[in-house]
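Inside the fold
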Amino acid sequence: PVEAQRRGGGGGERGPGAEVTLPADVRLRIQSFYDERGATGAQALPPGIRRNLERGKSLPPGIAKRSPPPALSASLDLADGFELVEVGLDVLLVEVATNIIHDVLENVIR
């Protein structure tokens, strides 16, 4: 299974300051998936809203997010408690319980 990498906090446990990110090979698989998929008609977010999509911040309330296509979701086995969401042209790794953004793949959706 594909596990999110944990940095900081020591010993693989999530602790204060622990950062959870997608491994490089998973980031590449996600990028390749969207490259092969082609144009979707997705629209970029306004710059003011886009600036709020950063690691360590919560997803803004009411933001339009979408689940990734089932073909992508089925190919990834993310760590428990995390999900991928599409927001604008970006794909985010979000902690389900807190809505905290742990990783951002910018401009991967076309």
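The model shown is predicted, which means the values in this text are computed figures rather than measured ones.

**Thoughts on the overall build of the chain**
Each helix and strand in the chain was counted, giving three helices and five strands. Out of the 110 residues in the chain, the part that is buried amounts to 37%. Nonlocal contacts in the chain, meaning residues at least 24 apart in sequence, comprise 52% of its contacts between residues at least 6 apart.

**Some words on the nonpolar core**
Core analysis: the biggest nonpolar cluster contains 16 residues, and Leu22, Ile30, Tyr34, Leu76, Leu84, Val91 and Leu93 have the highest contact counts within it. Every element with two or more residues in this core is listed here: α1 (24–37), β3 (82–87) and β4 (90–95). For Leu76, the residues in contact, after removing those within four places along its chain, are Val26, Arg29, Ile30 and Leu84. Leu59, Ile63, Leu92 and Val104 belong to the second largest nonpolar core, which has nine residues in total.

**Notes on the sheet that holds β4**
Strand order across the open sheet formed by three strands is β3-β4-β5, with antiparallel pairing between neighbours. Edge positions in the sheet fall to β3 and β5 (101–105), since each has one partner strand and no second. Strand-to-strand twist of the sheet, defined as the mean angle between neighbouring strand axes without regard to direction, takes the value 25 degrees. As judged from the four bridges shared by β4 and β5, these two strands associate in the antiparallel manner. What sits directly across from Leu93, in β5, is Asp103. Set on the sheet, α1 makes contact with β3, β4 and β5; between it and β5 the angle comes to about 45 degrees.

**Some remarks on the confidence of the model for the chain**
Residues of the chain with pLDDT of at least 70 account for 84%, and the chain-wide mean is 85. Ignoring residues within four places in sequence, the model shows residues 6–17, a span with pLDDT below 50, making 18 contacts including any to other chains.

**Some words on the packing of aromatic side chains**
Scanning the model with the defined rule gives one aromatic pair in all. Ring centres 5.3 Å apart and planes at 85 degrees place the aromatic pair Phe33 and Tyr34 in the edge-to-face group.

**Quick notes on the pairing of β4**
Along any regular strand, the residues point their side chains to alternate faces of the sheet. By the criterion of burial, β4 is predominantly enclosed, with six of the six residues buried. Burial along β4 is two-sided: Asp90, Leu92 and Val94 and Val91, Leu93 and Glu95, pointing in opposite directions, are all buried. One ladder, built from six bridges, connects β3 with β4; its direction is antiparallel. Looking at β4, one finds that Val85 is bridged to Leu92. Linking two consecutive strands that pair antiparallel, namely β3 and β4, is a turn of two residues; a positive phi of about 60 degrees is found at Gly88 within it. Between the end of β4 and the start of β5, which pair antiparallel, lie five residues, with Asn99 showing a positive phi angle near 65 degrees.

Calculation notes
Residues numbered from 1 in each chain as written. Predicted model: local features only at pLDDT ≥ 70, side-chain atom pairs only at ≥ 80, totals over all residues. Heavy atoms only, no water. Helix = DSSP H or I, 4+ residues; strand = E, 2+ residues; numbered from the N terminus. Buried < 20%, exposed > 50% of the residue type's maximum accessible area, 1.4 Å probe, protein only. Contact = heavy atoms within 4.5 Å. Core = buried A, V, L, I, M, F, W, Y, C linked by side-chain atoms within 4.5 Å. Pairing = 2+ DSSP bridges. Axes fitted to C-alpha atoms, helices over the stretch in contact; angles between N-to-C directions. pLDDT = per-residue confidence, 0-100. Phe/Tyr/Trp six-rings, centres within 6.5 Å; stacked < 30°, edge-to-face > 60°.

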